[in-house]
Amino acid sequence: MDAAFWIILTGTLAGASCALVGSFLVLRKMSMLGDAISHAVLPGIVIAFLMTGSRSSIPMLLGAALFGLLTAFIVETLHRKGKLQQDASIGVTFTWLFAIGVILISRYTGMVDLDQDCVLYGEIAYVTLDTVAVWGVQVPSAILTLGGLFIVNLLFVGVSFKELKITAFDPSLALSLGISATLWHYVLMGMVSMTTVATFWSVGAILVVAMLIAPGATAWLLTDRLRSMLLYSLLLSLASAIGGYYLAVALDGSIAGAMAVVSGILFALALFFSPTHGILVRRIRLRRVVEREAKIKGGDAALQS
Amino acid sequence: MNDSLFDFLVLRDLSTRTVVIGSMLLGIGSAAIGCFALLRKRALVGDAVAHSVLPGIAIAFLIVGSKDPLALMVGAVVTGWFSMIAMDYIVRNSRIREDAAIGLALSVFFGLGILLLTHIQHTGAANQSGLDKFLFGQAASLLARDVAVFGSVSLILLLVLIVTFKELKVVSFDPDFTRAIGFPARFLELLLTTLLVVAVVAGIQAVGVVLMAAMLITPAAAARYWTERLGVMILLASLFGILSGYVGAFISYLEPHMPTGPWIVVVASFIFFVSLLSAPKRGVIAQLLRRRKNVRVTLEENILKTMHRMGEADREMQDPRSISEIQNYRSIPAAVLQRGLLRLASEGYVTSQPNKKWSLTTQGVVEGARITRLHRLWEVYLTEYVRIAPDHVHDDAESIEHVLTPELEVELQRLLQRPAIDPHQQTIPYR
């Protein structure tokens, strides 16, 4: 199989894994916490890398996921105990941790197979360089990691669909049903951290954010049903990966960057042309209402005269 | 080592001087304008703007074909501006909320920037190297020319801030009021937006796109702990910005390969955490101490009140009481009670008597009577003025008695015309 196929598959799996958990971030108005976590796991990744010397080990996933949870916890603590407003608390926390991560990379630059560029935009173009044989086929090892991650995320959302849905839409109902909003907050943050870490190598820190937010937000403009929203977000990830790959080839630029751009274009299309929540449709609907009102008023006036 | 330290401190070396002065100048503007962003709850918008200037820089380079700082700056300002307008438009015209709009603008614009930047790198345009310095900042490789351009931008920014300070202050705290008194609120908000974009463009020279948010948010958040006044907050934030720039540049000077930008951010974060913990009023330690003191005062006053009540019962105010006798009247854990009594003794309100008993001093009787009086006056007030049933007023009085000031007591006595008894038919002890 050729490189294009594997790269697009890698992009799709990374994007789809992010989109599954990211949709809930969008619904819970916590997109920026996802942004913060995707930056703040950097020191966790470097430290775990220094200790284990490998990229896709389980300890590394767990170590970095712990850092993600720590981030969510620090943000919450600064907000609650430190009386700092939420947005500032997010901003202070992730820049601080990210800066430490960059410093660690510079300090151990010889020992960590990781540079600043990789941190920002990943190495998706090189996934085919590192392959393993599966049933006689050379499969990029990133596909195995990301495939595993995608299945885990799918299972997670499938098993805890009800809890995620209720805590996202109606926290007070969740409370009365005995579902702890705090517990599910941290469970979701844990999943976001793990997803961030696992997809980090292929798409980089900032572009994880694009895949966390854009597919979910776009899907939310297309439907009112959570199930359809999740399904659409998966399809949108696929479309972003395909479009991104060919845009990057055409411009001879970063594939991950192009994927983010395409996901943004898809969002803009939905924003204007969505048949349910698009700006155009809403304009037309508004005009119809105004016209009907005018007609009724005209009729009233005719009757009176 | 000591020589190099001294050389650094007096900025003897020209390139060191450039880096340090540059880092400091670049920090001031963003720290000052960050205060406004913070107060308007738009701290993370600054983060999105910082990411959005990247495509502008790349496009400007593609058009001009050189790294002319002015051209790059214009490009950066244009896309930074455009992303702010896009965020605003999305939030106002769709069901997408601010957090997602910020995240979208941030990642999509940044993705575009990365795409264009890699495109420029791959096509191998001459003299493109160094454009990617915008990602992580280039404080260490600042040229005198850059410092001159971006430093003067910072200064102009500060000047505008000083001149329009009053107007910006009003619009940050109360946009509706601004409109009502006839100030051009829309224009002022636009001005703030523009200043934010300009500050970001200047600041990324020092720390880069990704960490720019810290230059805006962290000094302002740190300054917020020390003061309630906007003017002081801006001064402090600028000071923290300068300090972070200086120390950050120093650390990266000490060790080669150390990036300046991240160190500036780490120093700023350190200042933030110190402020968070130790600021006199809003700091965490001060809050903790205040809560401790409240608990202590409440306990002491409750003990005095209870002993006063025992005195009322047997008409012997200063009789010695044992711990268990006091506990019969009010259930306080013995150890806590013991500690409270010891402290009251050291303050002269009670004295210890033989057989592990304690008695009120004259001063203690007066204080116990004061708390009792406040409690009962409040009960009268609640039944007569707030019309709460007499059996529901006790709990409220239990907490308010520790808070009422002497002025309020005078006011209560005047309002209630010095009632003789409370709703539970108990005499109110006056002086």
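Everything quoted here is computed from the prediction, not taken from an experiment.

Caption draft 1: Fine view of the sheet that holds strand 3 (residues 357-360) of chain B. Residues and elements named next belong to chain B. With antiparallel pairing, the three strands of this open sheet are ordered in space as 1-3-2. Of all strands in the sheet, those with a lone pairing partner are strand 1 (321-322) and strand 2 (350-353), marking the two edges. Here four bridges tie strand 2 to strand 3, and the two strands are oriented antiparallel to one another. The residue of strand 3 that forms the bridge with Ser352 is Trp358.

Caption draft 2: Highlighting the environment of Thr167 of chain A. Residue and element names in this part refer to chain A. Residue placement: Thr167 occurs in helix 7 (residues 161-169). Note on Thr167: relative accessible area 5%, which makes it buried. Sequence spacing of Thr167 and Ala214 is 47 residues, and the spatial spacing of their C-alpha atoms is 21 Å. Filtering out sequence-adjacent residues up to four positions away, Thr167 remains in contact with Arg28, Ala174, Ile179, Ala181 and Trp184. Here Arg28 takes part through its side chain, which lies 3.0 Å from a polar atom of the side chain of Thr167. Of the polar contacts made by the side chain of Thr167, one reaches the backbone oxygen of Leu164; its length is 3.2 Å.

Caption draft 3: Quick look at the confidence of the model for chain A. Per-chain confidence: chain A averages 86 in pLDDT, with 93% of residues scoring 70 or above. Looking at the elements of chain A, mean pLDDT is at its lowest for helix 5 (residues 116-121) of chain A, recorded as 64, and at its highest for helix 11 (residues 226-251) of chain A, recorded as 94.

Caption draft 4: Local environment of the interface of chain B and chain A. The interface of chain B with chain A comprises 56 residues on the first partner and 63 residues on the second. Of the roughly 5100 Å² buried between chain B and chain A on both sides combined, carbon and sulfur atoms contribute 73%. Counting across the chain B and chain A interface gives one salt bridge. With its nearest N and O atoms 3.0 Å apart, the salt bridge here joins Arg95 of chain B to Asp224 of chain A. The tally of links from chain B across to chain A stands at 16 residue pairs in polar contact (both at pLDDT 80 or more). Elements represented by at least two residues in the side of chain B that touches chain A include exactly helix 3 (43-64), helix 4 (69-93), helix 5 (98-122), helix 6 (133-136), helix 11 (212-224), helix 13 (260-278) and helix 14 (284-314) of chain B. The biggest single contributor to the side of chain B that touches chain A is helix 5 of chain B, with 17 residues. In terms of residue class, the side of chain B that touches chain A is built from 34 nonpolar, 14 polar and eight charged.

Caption draft 5: Structural context of the packing of helix 4 (residues 86-107) of chain A against helix 11 of chain B. Between helix 4 of chain A and helix 11 of chain B, the least distance of the axes is 9 Å, while the angle of their chain directions is 115°. Here helix 4 of chain A and helix 11 of chain B pass one another in a crossing that is left-handed. Taking contact as the criterion, the partners of Ala88, Gly91, Val92, Phe94 and Thr95 of chain A in helix 4 of chain A are, on helix 11 of chain B, Ala213, Ala214, Ile217, Thr218 and Ala221 of chain B. The residue inventory of the contact of helix 4 of chain A with helix 11 of chain B, partitioned by class, reads seven nonpolar, three polar and no charged.

Caption draft 6: Up close: the domain arrangement of chain B. Residue and element names in this part refer to chain B. Along its sequence, chain B is carved into domain 1 (2-279) and domain 2 (283-431). Spacing between the C-alpha centres of domain 1 and domain 2 amounts to 56 Å. Counting residues at the interface gives five residues for domain 1 and four residues for domain 2. Between domain 1 and domain 2, a total of about 330 Å² is buried, with carbon and sulfur atoms accounting for 61% of that surface. Across the domain 1-domain 2 interface, the total number found is zero salt bridges. Counting across the interface, domain 1 meets domain 2 through four residue pairs in polar contact (both at pLDDT 80 or more).

Rules used throughout
Position labels on residues start from 1 in each chain and follow its written sequence. Following the order in which they are written, the chains are lettered starting with A and the ligands numbered starting with 1. Thresholds applied to this predicted model are a pLDDT of at least 70 for local features of residues and 80 or more for the giving and counting of side-chain atom pairs; totals over whole chains, interfaces and linings are not thresholded and use all residues. Hydrogen atoms and water are omitted, and side-chain values are computed over all heavy atoms in the structure. At least two bridges found by DSSP between two strands is the condition for calling them paired. Secondary structure elements follow DSSP: runs of H or I no shorter than four residues count as helices, runs of E no shorter than two count as strands, and numbering proceeds from the N terminus. Partly exposed residues are those whose accessible area sits between 20% and 50% of the maximum for their type, while under 20% is buried and over 50% is exposed, using a 1.4 Å probe and protein chains only. Between two residues, a contact is recorded if the distance between any of their heavy atoms is within 4.5 Å. Under the rule applied, a polar contact is a pair of N or O atoms within 3.5 Å (in protein, one hydrogen donor and one hydrogen acceptor; residues adjacent in sequence only if both atoms are side-chain atoms). Each residue carries a pLDDT score, the predictor's own confidence in it, on a scale running from 0 to 100. Here the quantity called buried area is the accessible surface, traced with a 1.4 Å probe, that two parts lose on coming together, added over both. A pair is scored as a salt bridge if a Lys or Arg side-chain nitrogen falls within 4 Å of a carboxyl oxygen belonging to Asp or Glu. We call Asp, Glu, Lys and Arg charged. Ala, Val, Leu, Ile, Met, Phe, Trp, Tyr, Cys and Pro are nonpolar, and the rest, Gly among them, are polar. An axis is simply a line fitted to the C-alpha atoms; with a helix, the fit covers only the stretch in contact. Between two such axes, the angle follows the N-to-C directions and lies from 0 to 180 degrees. Two helices crossing with the near one rotated counterclockwise from the far one by less than a right angle form a left-handed crossing, whereas a clockwise rotation gives a right-handed crossing. Domain ranges listed in this record stem from an automatic or a database domain assignment.

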